[in-house]
Amino acid sequence: MKVVIPGGSGQVGTILARAFHGDGHEVVVLSRSARKAPWGVMTWDASTRGPWTKALEGAEAVINLAGRSVNCRYTPENRGAITQSRVQSTRIVGEAIAAATRPPRVWLQASTATIYAHRYDAANDEATGIIGGDEPDAPATWRFSIDVARSWERTLDEAAVPRTRKVKLRSAMTMSPDRGGIFDTLLTLVRRRLGGQAGDGRQYVSWVHETDFIRALYWLIEHHEVEGPVNIAAPDPLPNAAFMRGLREACGVSLGLPVARWMLELGAVFMRTETELILKSRRVVPGVLTKRGFTFQFPRWPEAADDLCRRWREQNTGARRLDREQRDGHKATMKAQGE
Ligand SMILES: NC(=O)c1ccc[n+]([C@@H]2O[C@H](COP(=O)([O-])OP(=O)(O)OC[C@H]3O[C@@H](n4cnc5c(N)ncnc54)[C@H](OP(=O)(O)O)[C@@H]3O)[C@@H](O)[C@H]2O)c1
């Protein structure tokens, strides 16, 4: 099958492109810059139609992941770019699908598990979950993320594409051992003994192992009866303190200094990011997937963390060995040239 992935050059897109390509499917990533990849890449500007629209013809699925990263300070300028990039790219993907002669059978549109309310009392599934925005104890920056998710989903709803099924991917943090990803960042903190609980540690963490993320997307492509919002999260979200403990145990680090809320607020300013990514309680469960029979290979965090740590070590040992070999090779060349 052919799968088109606008914004597929980032963390999640790379996980998906690698998996689909590895399984022998045709993958076309849409990127704002020409880049080399083992799969197809076409350029687009994420706001107007162009030659890229041809890629949609006869595709089985389009998976739109485009949008400016939310890992930044929510300044007025960044807020504008975060919202605009998501709304505009979703709108133009919709227009291109509507104009296609043989449109994709399914449009899987990125949204986020952050759309749900900050809460501890009960888990949010698609049917009974509370959409956030009115929590009395949530700072205004958290409301911003919910506004973004709502406008993103509204743009998908407004797209008139009667021949294409629409699915909203309300995804939790996707965990893979890749360099620079969320798991890599968390593990680096843990290895530096900074992986204690954040704040009071009660806030829930929703997550999904990359293997299940890929399997869920295959499942959604194949299940023609499923449309609308779908939570892509493991069925076992857990409080931050337990989540960090699980990660420390998986990588064999006993000490993890707790980080108080005020330290996080201060650190976030220096790191040009927002504490929402750590302090908001995201208690999200996969109602649609589990009710319809999808089973998770990694439903619980301890096993998922073990697997991710093991693969992270393998990758990084391999990468270090390669670096060493390249350095040694370089030294030998220099020596030979000097002689
Ligand atoms: N990572 C997660 O666990 C997670 C969880 C929930 C939701 N999500 C959502 O899923 C999507 C993909 O996540 P990700 O982690 O892969 O994000 P990412 O690494 O930031 O990648 C997103 C891609 O969007 C493109 N992009 C960046 N700025 C843009 C702009 N101004 N206009 C149009 N395109 C732009 C970039 O591609 P080019 O530079 O090649 O154009 C980039 O590679 C995001 O929208 C994210 O909010 C992610």
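Attention here is on the structure that accompanies the text. Fair warning: this is a prediction, and the values are worked out from it, not measured in the lab. (Residues numbered from 1 in each chain as written. Predicted model: local features only at pLDDT ≥ 70, side-chain atom pairs only at ≥ 80, totals over all residues. Heavy atoms only, no water.)

1. Here we look at unusual backbone geometry
If you check the backbone angles, Ala46 has positive phi at about 65 degrees while not being a glycine. Following the sequence through the fold, Ala46 ends up in the loop between β3 (40-43) and β4 (61-64). A positive phi angle, near 65 degrees, is found at Arg193, a position not held by glycine. Relative to the elements of secondary structure, Arg193 occurs in the loop between α4 (182-191) and β8 (204-205). (Helix = DSSP H or I, 4+ residues; strand = E, 2+ residues; numbered from the N terminus.)

2. Some remarks on the pattern of salt bridges
Applying the stated criterion across every chain, the model contains 15 salt bridges. In this structure, Lys168 and Glu153 form a salt bridge, with 4.0 Å as the shortest nitrogen-oxygen distance. In this pair, Lys168 is assigned in strand β6 (residues 165-171) and Glu153 in helix α3 (residues 140-158), connecting sequence segments 15 residues apart. The residues Lys168 and Glu153 share a single accessibility class, namely buried. Close ionic contact of Asp157 with Lys168 constitutes a salt bridge, the shortest N to O distance being 2.9 Å. One end of the pair, Asp157, is in helix α3; the other, Lys168, is in strand β6, with eleven residues separating them in the sequence. (Salt bridge = Lys/Arg side-chain N within 4 Å of Asp/Glu carboxyl O. Buried < 20%, exposed > 50% of the residue type's maximum accessible area, 1.4 Å probe, protein only.)

3. With respect to the site of the ligand
Around the ligand sit 25 residues, and of these Ser9, Val12, Ser31, Arg32 and Thr174 come closest. Side-chain polar atom of Arg32 to an oxygen atom of the ligand: 2.8 Å apart, as the coordinates give it. For the ligand, the protein covers 81% of the area, taking 880 Å² as the surface of the free molecule. Every element with two or more residues in the shell around the ligand is listed here: α1 (11-22), α2 (76-99) and β7 (173-175). Each residue belonging to the shell around the ligand can be placed in one class, and the counts come to nine nonpolar, twelve polar and four charged. (Near = heavy atom within 4 Å. Polar contact = N/O pair within 3.5 Å; in protein donor to acceptor, adjacent residues only side chain to side chain. Areas by Shrake-Rupley, 256 points an atom, 1.4 Å probe, with all protein chains shown as cover. Nonpolar A, V, L, I, M, F, W, Y, C, P; charged D, E, K, R; others polar.)

4. Examining the sheet that holds strand β1 (residues 2-6)
Read from one edge to the other, the open sheet built from seven strands follows the order β3-β2-β1-β4-β5-β6-β10, with strand pairing classed as parallel. Two strands lie at the open edges of the sheet, namely β3 and β10 (228-232), each paired on one side alone. Averaged over neighbouring strand pairs, the angle between their axes works out to 20 degrees when direction is ignored. Here helix α5 (residues 210-222) sits on the sheet and contacts β4, β5 (106-110), β6 and β10; the angle it forms with β6, its principal contact strand, is near 160 degrees. (Pairing = 2+ DSSP bridges. Axes fitted to C-alpha atoms, helices over the stretch in contact; angles between N-to-C directions. Contact = heavy atoms within 4.5 Å.)

5. Side note on the environment of Ile82
Of note, Ile82 is situated in helix α2. Among the residues examined, Ile82 registers a relative accessible area of 0% and is labelled buried. Through-space distance from the C-alpha of Ile82 to that of Val70 is 6.7 Å; in sequence the pair is twelve residues apart. Discounting chain neighbours no more than four positions away, the residues touching Ile82 are Arg68, Ser69, Val70, Cys72, Tyr74, Phe144 and Val148.

6. What about the side chain of Asn240?
Note on placement: Asn240 falls in helix α6 (residues 240-251). The exposure class of Asn240 is buried, given its relative accessible area of 5%. A polar contact of 2.8 Å, which involves the side chain of Asn240, links it to the backbone nitrogen of Ala198. When residues no more than four places from it in sequence are discounted, the contact partners of Asn240 are Gln197, Ala198, Gly201, Gln203 and Val205.

7. Some points on α2
An ideal rise of 1.5 Å per residue puts 34 Å on 24 residues; α2 measures up with 34 Å between its terminal C-alpha atoms. Every buried residue of α2 is listed here: Asn78, Ile82, Arg86, Val87, Ser89, Thr90, Ile92, Val93, Gly94, Ala96 and Ile97. Those residues of α2 that are buried lie in contact with β1, β4, β5 and α3. (Expected span 1.5 Å × (residues − 1).)

8. Quick word on the pairing of β10
Burial runs high along β10: four of the five residues are buried. Pairing between β6 and β10: five bridges, direction parallel. By the bridge assignment for β10, Leu169 is matched with Val230.

9. Description of a nonpolar patch on the surface
A grouping of Leu189, Leu194, Leu255 and Leu257 is seen on the molecular surface, where their side chains present a nonpolar patch of about 330 Å² in accessible area. Within the element layout of this structure, Leu257 appears in the loop between α6 and α7 (261-270). (Patch = residues over 30% accessible without salt bridge, like charges linked within 9 Å, V, L, I, M, F, W, Y side chains within 5 Å.)

10. Some thoughts on the packing of aromatic side chains
Scanning all chains against the criterion turns up seven aromatic pairs. Aromatic pair Trp44 and Trp52: ring centres 5.1 Å apart, planes at 75 degrees, arrangement edge-to-face. Each member of the pair, Trp44 as well as Trp52, carries the same accessibility label: buried. Summarising the aromatic geometry, the rings of Phe294 and Phe296 are spaced 5.0 Å apart at their centres and angled 85 degrees between planes, so their arrangement reads as edge-to-face. Just as Phe294 is buried, Phe296 falls in that class too. (Phe/Tyr/Trp six-rings, centres within 6.5 Å; stacked < 30°, edge-to-face > 60°.)

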